[in-house]
Amino acid sequence: MKIRAAKVIVTCPGRNMVTLKIETDEGIYGIGDATLNGREKAVVAYLEDHLVPALIGRDPQRIEDTWQYLYRGAYWRRGPVTMTAIAAVDMALWDIKAKMANMPLYQLLGGKSRDRVMVYGHATGTDIQGCLEEVERHVSQGYQAVRVQCGIPGIASTYGVAKVPGQRYEPADSELPAEHVWSTEKYLNFVPRLFEAVRVQFGPDLHLLHDVHHRLTPIEAARLGKLVEPYHLFWLEDCVPAENQQAFQLIRQHTTTPLAVGEVFNSIHDCRELIQSQSIDYIRTTLTHAGGITHVRRIADFAALYHVRTGFHGATDLSPVCMGAALHFDTWVPNFGIQEHMPHSDETDAVFPHAYRFEQGYFTPGETPGHGVDIDEKLAARYPYKPAYLPVNRLEDGTLWHW
């Protein structure tokens, strides 16, 4: 068997998504997610100009060899663009191999470690009351875990909060990065009140999560972790930028609140010190941005040695292809923690028909051979690319916040 062709498909059924389709000379094909939010076209060029020509004629069954070839074949290794492009190839090849074996991907990885995958949803509100109503809505849908984000009094726009109550939160919402105002002190004074109200209404058993989105310094993050300890969060996510991995050691010294980080990581080297020092509890690296199944498997195995569990990023800036592959990985990986879930739009689900399904707070990946996600190319063509970027933040004095 040889790779006959490979093509890149760009579509925007709500969010921009990049898909790599690899076809073999025996009629079997596989697809991989190559979406990099805000830098999609950079990955498209990397795939079309550099990787696709190198794939033609190769044996699709040699997944490890192909991964090493693409990673080491470029002198300039790693980085989000490179690793996202390699991930798309890797994901598509695993899809092909599982289809050849006529089994769902999780079986090829080693079989089930669990029967279902716990996911968390996103509850947002412009104030505490609105937030409580959104938590209630998620609980009524069966979620066992909910990420809680709320508007901060005195701050016009807050990360994680939908602009219109009752609608989905959409972080990338402008053709150029929007500028929002941020106040650390107002945020730190408010968040404990939010979680006190949630615990009063929903009791101790509901898993609660919160995303700081890299907005604090290490000592500020330590303060927040200590302040929310009475409310027993499942985790506190991305409390500081992770370029300085030692910063998490300072936070760890001051709080027992579990820490999660990693959605922007793209290799094991980004999290090696964090894991080895046991400074975090959950690694959130995605299959799409960290070299695919082949590389994230190494990260997960390394993390297991230090009691760190997985908690993969699963926002709508990743396509259903990533979600499908992640759920197979989640079903297999021994040190699973939780999986993020932001529902895609109906248009996106139509473009990417899939076998995975949600029931009472849990997902199952389905039994379709491969990772169980396909792409309707004709329908995808109806949704052309649209520029969309995440916002940046300025302090109240106008300083661009350097998180």
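These numbers come from a predicted model, not from an experiment. (Residues numbered from 1 in each chain as written. Predicted model: local features only at pLDDT ≥ 70, side-chain atom pairs only at ≥ 80, totals over all residues. Heavy atoms only, no water.)

Participant: Where do I start with the pattern of salt bridges in this structure?
Facilitator: Where charged atoms of side chains with opposite charge meet at close range, the side chains can pair. Scanning the entire structure with this criterion turns up 17 salt bridges. Notably, a salt bridge pairs Arg-4 with Glu-23, separated by 2.4 Å at the nearest N-O pair. Highlighted residues: Arg-4 in strand 1 (residues 3-11) and Glu-23 in strand 2 (residues 17-24), separated in sequence by 19 residues. A relative accessible area of 18% means that Glu-23 is categorised as buried. Glu-359 is the salt-bridge partner of Arg-357, the closest N and O atoms lying 3.2 Å from each other. (Salt bridge = Lys/Arg side-chain N within 4 Å of Asp/Glu carboxyl O. Helix = DSSP H or I, 4+ residues; strand = E, 2+ residues; numbered from the N terminus. Buried < 20%, exposed > 50% of the residue type's maximum accessible area, 1.4 Å probe, protein only.)

Participant: Help me out: how do you make sense of the environment of Val-373 in this one?
Facilitator: Mapped onto the elements, Val-373 comes out in the loop between strand 14 (362-364) and helix 13 (377-380). Separated by 53 residues in sequence, Val-373 and Pro-320 place their C-alpha atoms 7.0 Å apart. Every residue in contact with Val-373, bar those within four places of it in the chain, is listed here: Ile-31, Pro-320, Val-321, Gly-324, Phe-352, Pro-353, His-354 and Tyr-356. (Contact = heavy atoms within 4.5 Å.)

Participant: Before we go on, may I ask you to explain the side chain of Ser-183 in this structure?
Facilitator: Within the element layout of this structure, Ser-183 appears in the loop between strand 6 (179-182) and helix 6 (184-202). Setting aside anything within four residues of it in sequence, one finds Ser-183 in contact with Ile-155 and Glu-396.

Participant: Honestly, empty space enclosed by the protein in this entry has me stumped. Any pointers?
Facilitator: Over the atoms, a rolling probe the size of a water molecule traces out where space has been left empty. The final tally for this structure, using the stated rule, is three cavities of 30 Å³ or more. In this model, the largest cavity occupies a volume close to 80 Å³. In terms of lining residues, the largest cavity is bounded by 14 residues, among which Gln-149, Thr-158, Tyr-159, Tyr-187 and His-210 are the most central. Residue assignment for the lining of the largest cavity shows that the elements contributing at least two residues are strand 5 (145-150), helix 6 and strand 7 (207-211). Looking at the lining of the largest cavity residue by residue, the class counts come to nine nonpolar, three polar and two charged. In this structure, the second largest cavity occupies an estimated 60 Å³ of space. Lining of the second largest cavity is provided by 13 residues; of these, His-313, Leu-318, Cys-322, Met-323 and Ala-326 occupy positions nearest its centre. (1 Å grid on protein atoms, 1.4 Å probe; cavity = no way out; pocket = protein on both sides within 12 Å on 5 of 7 lines; lining within 4 Å. Points joined across faces, edges and corners; volume = space filled by probe spheres on them. Nonpolar A, V, L, I, M, F, W, Y, C, P; charged D, E, K, R; others polar.)

Participant: Is there a simple way to think about the state of the cysteines in this case?
Facilitator: Note on terminology: disulfide describes a covalent bond linking the sulfur atoms of two cysteines. Applying the stated rule across the entire model yields zero disulfides. As a non-bridged cysteine, Cys-239 has Cys-271 as the owner of its nearest cysteine sulfur, 16 Å distant. (Disulfide = S-S within 2.5 Å.)

Participant: I would appreciate a short explanation of the nonpolar core in the present structure.
Facilitator: The nonpolar side chains of a soluble globular protein tend to be buried with one another. Core analysis: the largest hydrophobic core is formed by 111 residues, its most contacted members being Ile-22 and Phe-248. When residues of this core are assigned to their parent elements, the largest contribution, 11 residues, is made by helix 3 (residues 80-100). Non-local contacts of Ile-22, meaning those with residues more than four positions away in its chain, are made with Ile-3, Ala-5, Ala-6, Ile-28, Tyr-29, Gly-30, Leu-55, Val-89, Ala-92, Leu-93 and Ile-96. Judged by nonpolar contacts, the second largest core, of 10 residues, contains Leu-209, Phe-234, Trp-235 and Ile-338. (Core = buried A, V, L, I, M, F, W, Y, C linked by side-chain atoms within 4.5 Å.)

Participant: Could you clarify how one ought to interpret the packing of helix 7 (residues 218-227) against helix 8 (residues 247-254) in this entry?
Facilitator: When two helices pack together, their arrangement is given by the angle between the helix axes and by the axis-to-axis distance. Their axes nearest at 8 Å, the elements helix 7 and helix 8 cross at an angle of 30 degrees. Classified by the angle between their axes, helix 7 and helix 8 sit roughly parallel to one another. Here the hand of the crossing between helix 7 and helix 8 comes out right-handed. Listed contacts from helix 8 to Pro-218, Ile-219, Ala-221, Ala-222 and Lys-226 of helix 7 are Ala-247, Leu-250, Ile-251 and His-254. Broken down by class, the residue content of the contact of helix 7 with helix 8 amounts to seven nonpolar, one polar and one charged. (Axes fitted to C-alpha atoms, helices over the stretch in contact; angles between N-to-C directions. Parallel < 35°, antiparallel > 145°, perpendicular 65-115°, else oblique. Left-handed = near helix turned anticlockwise from the far one by under 90°.)

Participant: Would you take a moment to explain the sheet that holds strand 2 for this structure?
Facilitator: In sheet architecture, strand pairing relies on hydrogen bonds along the backbone and comes in two forms, parallel and antiparallel. Here three strands make up an open sheet; going across it, the order is 1-2-3 and the pairing antiparallel. The two strands at the open ends of the sheet, each matched to only one other strand, are strand 1 and strand 3 (29-33). Taking each pair of neighbouring strands and ignoring which way they run, the sheet shows an average axis angle of 20 degrees. In terms of strand pairing, strand 2 meets strand 3 through five bridges, oriented antiparallel. Within strand 3, the residue paired with Glu-23 across the bridge is Tyr-29. The sheet strands contacting helix 1 (residues 40-55) are strand 1 and strand 2, and the helix crosses strand 1 at an angle near 175 degrees. (Pairing = 2+ DSSP bridges.)

Participant: I tried to follow the packing of aromatic side chains on my own but got confused; where do I start?
Facilitator: If you walk through the whole model with that rule in mind, you get 13 aromatic pairs. Site record: aromatic cluster; members linked through ring pairs are Tyr-120, Phe-234, Trp-235 and Tyr-282. Sitting over the face of the ring of Trp-67, Arg-298 holds its NZ or CZ atom 5.8 Å from the ring centroid. (Phe/Tyr/Trp six-rings, centres within 6.5 Å; stacked < 30°, edge-to-face > 60°. Lys NZ or Arg CZ within 6 Å of the ring centre and 35° of its normal.)

Participant: Honestly, helix 3 in this entry has me stumped. Any pointers?
Facilitator: Every α-helix carries 3.6 residues per turn, so stepping three or four residues along brings you back to the same face. Spanning 21 residues, helix 3 covers 30 Å between terminal C-alpha atoms, matching the ideal 30 Å at 1.5 Å per step. With 16 of 21 residues buried, helix 3 lies mostly within the body of the structure. Backbone geometry just downstream of helix 3 places Asn-102 in the positive-phi region, at approximately 55 degrees. (Expected span 1.5 Å × (residues − 1).)

Participant: In this structure, what is going on with the pairing of strand 2? I would like to understand it.
Facilitator: Along any regular strand, the residues point their side chains to alternate faces of the sheet. Taken across its eight residues, strand 2 has eight buried, putting it largely inside the fold. Both faces of strand 2 are covered, namely the face carrying Met-17, Thr-19, Lys-21 and Glu-23 and the face carrying Val-18, Leu-20, Ile-22 and Thr-24. In this structure, strand 1 lies alongside strand 2, joined through eight bridges in antiparallel fashion. Bridge pairing in strand 2 links Ala-5 to Glu-23. Count of turn residues in the strand 1/strand 2 antiparallel hairpin: five residues, of which Gly-14 carries a positive phi of about 120 degrees. Between the antiparallel neighbours strand 2 and strand 3 lie four residues, among them Gly-27 with a positive phi of about 90 degrees.

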